[in-house]
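Remarks on the overall topology
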Amino acid sequence: MIYFLSDLHLGAKYFPNPRQKERAVVQFLDSIAADAEEVYLLGDILDYWYEYKNVVPRGYIRFFAALARLTDAGVPVYWLTGNHDVWLFDYLQTELGITVYHNHLQKEIKGVQFLLSHGDDVGTQPLLYRFTRWCFHNRVCQWLYAGLHPRLTYGIAHAWSTSNRTKRKEAEVNAEIEVCYQHLLQFSQSYAKAHPEVQHFVMGHLHLAKHQAIDTQGRTITILGDWINQNTYATFDGNQITLHTHHS
């Protein structure tokens, strides 16, 4: 079985019990170890991460150990970075054997072509967001950011994340999600016309759990939801994609 999940946001300061959330994810990963053929993590797995050359942030030990158990058992784990965990470099690849991608990926899985993305690097995105994303990925900006003391960067990053998650009105957020979903749907339909070999589009980012057909040829788009409130993930058995909810 192939597993897809995204937007765990582990370590987020707005979780009432971050350790409990991490344990739920670990329980899920351990529960799929027996039948997992590949695991795809489609971004925002960590709420914030900046990986310095010789130092990595504290925490996530149980989660990383669960990933290590999978890779040690021969299960390939692929991590496509999102907008919260963009600054993954070589630590997880070296220590855990995880393959990291920083952009969307077209890949054959069990004989079927997929387009995988966190969801923030495809389709129509606001100009300010595109500029911010460019800064996050720019090597010079990363070098300058690394020169700031972690006490400062850690506080800024978590305050920004918490404010974005908790201060905005629900109606405003829902309206934005619907607009963004339509952009991803339009992108998928357009991409499918240019690349008819692609059958399935799987993305995260929107914190929306949704699966639907995009044309009459059986192509689908799947938005993976999140692990803030929903604990959702998707599976592919070689024939169809199915959305599930994990009950810890």
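Right above here is the structure, for reference.
Values in this document were obtained by computation on a predicted structure and should not be read as measured data. (Residues numbered from 1 in each chain as written. Predicted model: local features only at pLDDT ≥ 70, side-chain atom pairs only at ≥ 80, totals over all residues. Heavy atoms only, no water.)

1. Some remarks on the nonpolar core
Basically, it comes down to this: Side-chain atoms within 4.5 Å link the members of a nonpolar core, which is a set of buried Ala, Val, Leu, Ile, Met, Phe, Trp, Tyr and Cys residues. For every residue, the accessible area (1.4 Å probe, protein chains only) is compared with the maximum for its type, and the residue is labelled buried under 20%, exposed over 50%, or partly exposed between those bounds. By the criteria applied, helices consist of DSSP H or I runs no shorter than four residues and strands consist of E runs no shorter than two, each listed in order from the N terminus. Contact definition: two residues touch when any of their heavy atoms are within 4.5 Å.
Membership of the largest hydrophobic core comes to 32 residues, with the highest contact counts inside it found for Leu 29, Val 39, Leu 46, Phe 63, Phe 64, Leu 67 and Trp 79. Secondary-structure elements contributing two or more residues to this core are β1 (2–5), α1 (18–31), β2 (38–41), α2 (61–72), β3 (77–80) and α3 (91–96). Counting residues per element, this core draws most heavily on α2, which supplies six residues. Those residues within four positions of Phe 64 in sequence are excluded, and the remaining contacts are Leu 46, Trp 49, Gly 59, Leu 92 and Leu 96.

2. With respect to the pattern of salt bridges
Counted only if it meets this: Here, a salt bridge means any side-chain nitrogen of Lys or Arg that lies within 4 Å of a carboxyl oxygen of Asp or Glu.
Applying the stated criterion across every chain, the model contains five salt bridges. The residue Glu 38 makes a salt bridge to Lys 107 at a minimum N-O spacing of 3.8 Å. Highlighted residues: Glu 38 in strand β2 and Lys 107 in strand β5 (residues 105–109), separated in sequence by 69 residues. Lys 107 carries the same exposure label as Glu 38, and that label is buried.

3. Points about the sheet that holds strand β11 (residues 241–245)
Threshold: For two strands to pair, DSSP has to find at least two bridges joining them. Fitted lines through C-alpha atoms serve as axes, helices being fitted only where they are in contact, and the angles separating the N-to-C directions of these axes extend from 0 to 180 degrees.
Pairing is mixed across the open sheet formed by six strands, whose spatial order is β4-β3-β2-β1-β10-β11. Every other strand in the sheet has two partners, leaving β4 (99–101) and β11 as the edge strands with one partner each. Here the average twist between neighbouring strands, direction ignored, is 20°. Where strand β10 (residues 232–236) lies against β11, five bridges are found, and the strand directions are antiparallel. Residue Thr 235 lies in a different strand from β11, and its bridge partner there is Thr 242. Its contacts with the sheet place α2 against β2 and β3, and it is angled at close to 135° to β3.

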